[in-house]
Amino acid sequence: MDEVLRQSLLYDFYGELLTEHQRTVYEAVVQDDRSYSEAAEMFDISRQGVHDLVKRCEKQMEEYESKLHLVERFQNIRLNVIRLQELSAQAQRIDKAELAHQVSELSERILDEL
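Calculation criteria
Every chain is numbered independently, its residues counted from 1 as its sequence is written. A pLDDT threshold of at least 70 governs which residues receive local features in this predicted model, and a stricter bar of 80 or more applies before side-chain atom pairs are shown or counted, although totals over entire chains, interfaces and linings include all residues. Here the side-chain values reflect all heavy atoms present in the structure, with hydrogen atoms and water set aside. Elements are defined by DSSP. Helices are runs of H or I of four residues or more, strands are runs of E of two residues or more, and each kind is numbered from the N terminus. Where accessible areas are quoted, they stem from the Shrake-Rupley method and a 1.4 Å probe; at the residue level, only the protein chains shown are allowed to cover. Two residues form a contact once any of their heavy atoms are found within 4.5 Å. Only buried residues count toward a nonpolar core. Its members are Ala, Val, Leu, Ile, Met, Phe, Trp, Tyr and Cys residues joined through side-chain atoms within 4.5 Å. Think of it in three bands: residues with accessible area under 20% of the maximum for their type are buried, residues over 50% are exposed, and the middle band is partly exposed, with areas taken using a 1.4 Å probe on protein chains only. Patches here are clusters of residues that have more than 30% relative accessible area and form no salt bridge, with a 9 Å joining cutoff for like charges and a 5 Å cutoff for nonpolar side chains (Val, Leu, Ile, Met, Phe, Trp, Tyr). Each reported salt bridge corresponds to a side-chain nitrogen of Lys or Arg within 4 Å of a carboxyl oxygen of Asp or Glu. Working rule for helices: expected span equals 1.5 Å times residues minus one.

Undergrad: Teacher, can you tell me more about the overall build of the protein chain here?
TA: Of regular secondary structure, the protein chain possesses six helices and zero strands. The helix and strand sequence of the protein chain, counted from the amino end, reads α-α-α-α-α-α. Its C-alpha atoms put the protein chain at 65 × 25 × 20 Å along the principal axes. Total accessible area on the protein chain is roughly 7,700 Å²; 50% of this is exposed by carbon and sulfur atoms.

Undergrad: Just checking my understanding: could you explain the environment of arginine 34 for this structure?
TA: In this fold, arginine 34 is placed in the loop between α2 (20-31) and α3 (36-43). Placed 28 residues apart in sequence, arginine 34 and glutamate 62 show a C-alpha to C-alpha distance of 22 Å. With sequence-adjacent residues up to four places away left out, arginine 34 is seen in contact with Ala28, Val29 and Met42.

Undergrad: What am I meant to see in the side chain of glutamine 102 here?
TA: Here glutamine 102 lies in helix α6 (residues 96-113). Beyond its immediate chain neighbours, meaning those up to four positions away, glutamine 102 contacts Arg83 and Leu87.

Undergrad: I tried to follow the nonpolar core on my own but got confused; where do I start?
TA: Grouped together as the largest cluster of nonpolar side chains are 16 residues, with contacts concentrated most on Tyr26, Val50 and Met61. Taken together, the elements giving at least two residues each to this core come down to α1 (3-14), α2, α3 and α4 (47-68). Broken down by element, the residue count for this core peaks at five residues, all from α4. For methionine 61, the residues in contact, after removing those within four places along its chain, are Gln7, Leu10, Tyr11, Tyr14, Gly15, Leu18 and Tyr26. Listed in part, the five residues of the second largest apolar core include Leu87, Ala91, Ile94 and Leu106.

Undergrad: Explain a nonpolar patch on the surface to me, please; I cannot follow it from the model alone.
TA: Taken together, Phe13, Leu68, Leu70 and Phe74 make up a surface patch of nonpolar side chains, about 310 Å² in accessible area. Tracing the backbone through its elements, the reader meets phenylalanine 74 in helix α5 (residues 70-89). By relative accessible area, which is 36% here, phenylalanine 74 ends up partly exposed.

Undergrad: Which parts of the structure should I look at to understand unusual backbone geometry?
TA: Among all residues except glycine, the phi angle is most often negative; among peptide bonds, the trans geometry is most common. The phi torsion at aspartate 33 lies on the positive side, around 60°, for a residue other than glycine. Assignment of secondary structure puts aspartate 33 in the loop between α2 and α3. Despite not being glycine, aspartate 44 shows a phi value in the positive range, around 55°. Residue aspartate 44 is classed as exposed on the basis of its relative accessible area of 70%.

Undergrad: Any chance you could explain α1 here in plain terms?
TA: What sets the pattern is the α-helix's 3.6 residues per turn: residues three or four places apart point alike. Over its 12 residues, α1 extends 16 Å from the first C-alpha to the last, a length consistent with the 16 Å expected when each residue adds 1.5 Å. Among the residues making up α1, those that are buried are Gln7, Leu9, Leu10, Tyr11 and Tyr14. Of the surrounding secondary structure, the elements contacted by the buried residues of α1 are α2, α4 and α5.

Structure below.
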């Protein structure tokens, strides 16, 4: 997974666990694509302070992920649902018993993730 997508997913899942100030600065830099200098001026803090805050936020969200695995589970469920969609599209060409087996297996994987 590319880094931009990973950071976006981490923020989607764990952003609310950051303080309001952390969220505001992080969003300005990462989501609004402002430079550290622009964000520093916006929030009246040093450029280094912005850099450190963003890195701390990233580290904190990575630590949450290492304990909770929400992004990983989301990605696994997403991949299994995509596979179900592919099987659905192929339903007319696949042996019904094999189709039933594959659907059962994928649905079990999804339920395990939940």
